[in-house]
Amino acid sequence: MLTDRMRLRILVRGAVQGVGFRPFVYRLAKEMGLMGYVLNDTGGVEIEVEGEKELLEEFFYRLTSEKPPLARIHAIESQFLEPVGYEDFTIKESQGAGNKQVFILPDMSVCEDCLKELFDPSNRRYMYPFINCTNCGPRFTIIERLPYDRPNTTMKVFQMCPECDKEYHDPKDRRFHAQPNACPECGPWLSLYSGKGELLEERNGALELVAELLKEGHILAVKGVGGFHLMCNALEERVVSLLRERKRRKEKPFAVMFRNLEQLLEYAEPTSLEKALLLSPERPIVLVRSKEKLAPSVAPSLKRVGAFLPYSPIHYLLLNALDFPLVATSGNFSEEPIVKDNEEALTKLNCLADFILAHNRDIKRRCDDSVVKVVGGFPLPVRRSRGYAPMPITLPFKLRRKVLAVGGMLKNTFALAFEDKVFISQHVGDVENLETLRAFEQMVYDLMELYEFEPELVVCDMHPRYETSRWARHFAEEKGLKLMEVQHHFAHILSCMAENALEAQVLGIAWDGTGYGEDGTLWGGEFLEVSYEGYKRLFHIKPFKLLGGEKAVKEPRRVALSLIFELYGDKAFELELPPVRAFSERELHNLYVAWKEGINSPYSSSAGRLFDAVASLLDIRHVISYEGQSAMLLEDLYKPSVKDYYPFEVSNLQIDWRPTFEALIKDRDKEGIPSRFINTLAHVCAHVAKEAGMERVCLSGGVFQNDPLVSKIKELLEAEGFKVFLHQKVPTNDGGICLGQAVYGGLKEV
Ligand code: ZN
Ligand code: ZN
Ligand code: FE
């Protein structure tokens, strides 16, 4: 009966390009005997199928229930229409125009099927370092423009050989429309250079030589997916400390890449959640408990190590040729953006590496490794980049306008937001110098171009001296756009609310190192009543003076000394306390005058700085070499068996730390101090939550990367019936604030 025949038109939006969605649709339609077409356009995937209505309904159901593993559908629209009489089912060529709504997929680790082929001597891609298929491989780092088709990627320079071409055009093949499809005949290859830039070996000969060089104890720069790594033997202290020296990176931990989970288990003790994260296709670096069998310089004084597994076939081939794990750290000088281009590697990384393993598949945009830590029982992104970027965060509401939110200064990411989506950039880094500012600017323009995004509003942090805020002011002025400044801790909490799809008012606990406050002082121990319209500062940690301003951030002993002055005045000089002894007589005197007169000693209510003070009081650290170091050291010393805590007072809406530190200084049980201190902070949160009386509590800010602290807060608050919300999609550190900024700017009535 012809009357039963209908046409169904379907539009699918989401991560549906480059994941084998079209061949899947093709196979499904063919199998069901339906006619029509499937087409990729910049708005997503468009499908038309004709057949009996019942079959069309089944097709629609199976389309979502049987979709390819990497595909993520965000929206699907369908419409029944009069049939037009299609006679076959075809895959149509891509169309260029239209609104860019397509989600660019992140780079995914090599899949099981490809791995099998990689190590199968009878396969034509045996040991081929660029093997990939529709289910795996690079995406975000090779796309030059949309739609995602080979001529729009950095693979455009490689002409597929007849065999690859056949796979590419065969809807039944796993490599049907796999844009980076390649083989040893037609695809990219490796080249090994000496530090002087001489070409030593090419193709797989280069791999063999690289393995030898690593065994001999050399440092190599190795080009991967989103940039170069610096790699060396993670068991050999001499070479690891040499790498530190060359990179001018004193103590900040290095990540280690293991051949497989089995090898990783020899050196670390991941929990089952951590194992699942290690094996996930995003392949982040996961912070896991170390068995302390790696070279000491890998992660000095820390009980955790950043571990990860190979994700590019290059890594698999390399680690398979070695019987030791590799340090794999970003190929750059400290504080500079990661190097991604061959030429730059040959001129810059040759000071850091003895040899350079490059390849001729260009990286369009840099993308650092992501870092994840399990905090309070949930995975928390510490750095959200490769494998996750640029997947958007979906909001529970629509924004009024298109927003560019530039983020903070440290661990920067920025966001492009429109409708109900916030696209968050890959990790930019600390935007503190000209190189990183330039990289930041270039990345902003790059993403805006890719999505053909024209902001209607620019949002930045309120801090007058953040480079990103300065840039935003300049950019807004140049483009004639409105600029909005958002208070740092407010943005932190908004970000936590947005990713948890919360709509009503919450109690936001925003604790971090520093953020610029409304009153011009440095905030960082904030309890805020927050809604999307605005916030109220309910309580905060009693401000103390930061001796020497910025200097105090690097020197925990200055924070500790300031607290000691506040408690004991000039009697502090006679006290046998480590922070006092960490200064000369003369320095002490000068600092006391500075403290008393308030010379270069701005007030701060930072919770992060209190961790610094404790580390110095315990004689663990008087000067730190990277952000958050003292908190990490204290976290390692936490003992769950210690249940008690120090006294504190809440008066005038301030949390008075004086009783806490008085008790802490007198505490004879040194080993219990870190635990008692962390417990105290958790009890402070519980106390304030009860006073504030709001059911939902959001935790945000760098301090909440601390697992025992977050676990304790959750335990105490949940026992009292509060609902605690943590970050799981974006970092709780400043790498997450662009989301909060974007949401505020997008909703605000102006
Ligand atoms: Zn694959
Ligand atoms: Zn080929
Ligand atoms: Fe912050």
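In this text the structure is predicted, and so the values were computed from the model without any measurement.

1. Some words on the overall build of the protein chain
Here comes step 1: Helix and strand content of the protein chain: 23 helices and 31 strands.
Here comes step 2: Radius of gyration (C-alpha) of the protein chain: 28 Å, near the 27 Å computed for a compact globule of 750 residues.
Here comes step 3: In the protein chain, the share of contacts with a sequence separation of at least 24, taken over all contacts with a separation of at least 6, comes to 72%.
Here comes step 4: Here the protein chain has roughly 28,900 Å² of accessible surface; of this, 48% comes from carbon and sulfur atoms.
Here comes step 5: Here the protein chain contributes 94 positively and 108 negatively charged side chains, and the mean placements of these two sets differ by 2 Å.

2. Details of the domain arrangement of the protein chain
Here comes step 1: On domain assignment, one finds that the protein chain holds domain 1 (5-91), domain 2 (102-399), domain 3 (401-502 + 732-747) and domain 4 (541-725).
Here comes step 2: One C-alpha centre belongs to domain 1, the other to domain 4; they are set 58 Å apart.

3. A word on helix α6 (residues 237-247)
Here comes step 1: Looking at α6, one finds that the buried residues are Val239, Val240, Leu243, Arg244 and Lys247. Down the axis of α6, the buried set is contained in an arc of 145°. They therefore lie on one face.
Here comes step 2: Buried residues along α6 sit against β9 (228-233) and β13 (326-330).
Here comes step 3: One or two steps after α6, the chain reaches arginine 248, where phi turns positive at roughly 50°.

4. Details of unusual backbone geometry
Here comes step 1: Cis geometry marks the peptide bond from leucine 146 to proline 147; its omega dihedral reads -5°.
Here comes step 2: Following the sequence through the fold, proline 147 ends up in the loop between α3 (112-118) and α4 (162-169).
Here comes step 3: Positive phi values are uncommon outside glycine, yet methionine 127 reaches one of about 60°.
Here comes step 4: Position of methionine 127 among the secondary structure elements: in the loop between α3 and α4.
Here comes step 5: Take methionine 127: its relative accessible area is 28%, and that puts it in the partly exposed class.
Here comes step 6: The phi dihedral of glutamate 292 falls on the positive side, at around 55°, and the residue is not glycine.
Here comes step 7: Residue position: glutamate 292 is located in the loop between β11 (285-289) and β12 (304-308).

5. Concerning the side chain of asparagine 706
Here comes step 1: Residue position: asparagine 706 is located in the loop between β30 (696-700) and α22 (707-719).
Here comes step 2: Under the relative-accessibility criterion, asparagine 706 is labelled buried at 3%.

6. Regarding the environment of glutamate 274
Here comes step 1: Assignment of secondary structure puts glutamate 274 in helix α8 (residues 272-279).
Here comes step 2: Accessibility expressed as a relative area gives 6% for glutamate 274, which makes it buried.
Here comes step 3: Along the chain, glutamate 274 and leucine 118 lie 156 residues apart, while their C-alpha atoms are 26 Å from each other.

7. Structural notes on the coordination of the iron ion (ligand 3)
Here comes step 1: Coordination of the iron ion (ligand 3) by the protein comes from His488 (NE2), His492 (NE2), Asp512 (OD) and Asp734 (OD), over a distance range of 2.0 to 2.3 Å.
Here comes step 2: Here the iron ion (ligand 3) is ringed by four donor atoms whose angles at the metal span 87 to 170°, and the overall shape comes out irregular.
Here comes step 3: Donor residues binding the iron ion (ligand 3) come from one chain and are separated in sequence as H-x3-H-x19-D-x221-D. Of this pair, aspartate 512 sits in strand β23 (residues 506-516) while aspartate 734 sits in the loop between β31 (723-725) and α23 (737-747), placing them 222 residues apart in sequence. One exposure class covers both aspartate 512 and aspartate 734, and it is buried.

The rules behind each value
- Residues numbered from 1 in each chain as written.
- Chains lettered and ligands numbered in written order.
- Predicted model: local features only at pLDDT ≥ 70, side-chain atom pairs only at ≥ 80, totals over all residues.
- Heavy atoms only, no water.
- Helix = DSSP H or I, 4+ residues; strand = E, 2+ residues; numbered from the N terminus.
- Rg over C-alpha atoms; globule rule 2.2 N^0.38 Å.
- Contact = heavy atoms within 4.5 Å.
- Areas by Shrake-Rupley, 256 points an atom, 1.4 Å probe, with all protein chains shown as cover.
- Lys, Arg positive; Asp, Glu negative; His and termini not counted.
- Charge placed at Lys NZ, Arg CZ, Asp CG, Glu CD.
- Domains from an automatic or database assignment.
- Buried < 20%, exposed > 50% of the residue type's maximum accessible area, 1.4 Å probe, protein only.
- Arc of directions from axis to C-beta.
- Donors = N, O, S within 2.8 Å, 3.2 Å for Na, K, Ca; no water.
- Tetrahedral: all angles 85-135°; square planar, octahedral: opposite > 155°, others 65-115°.

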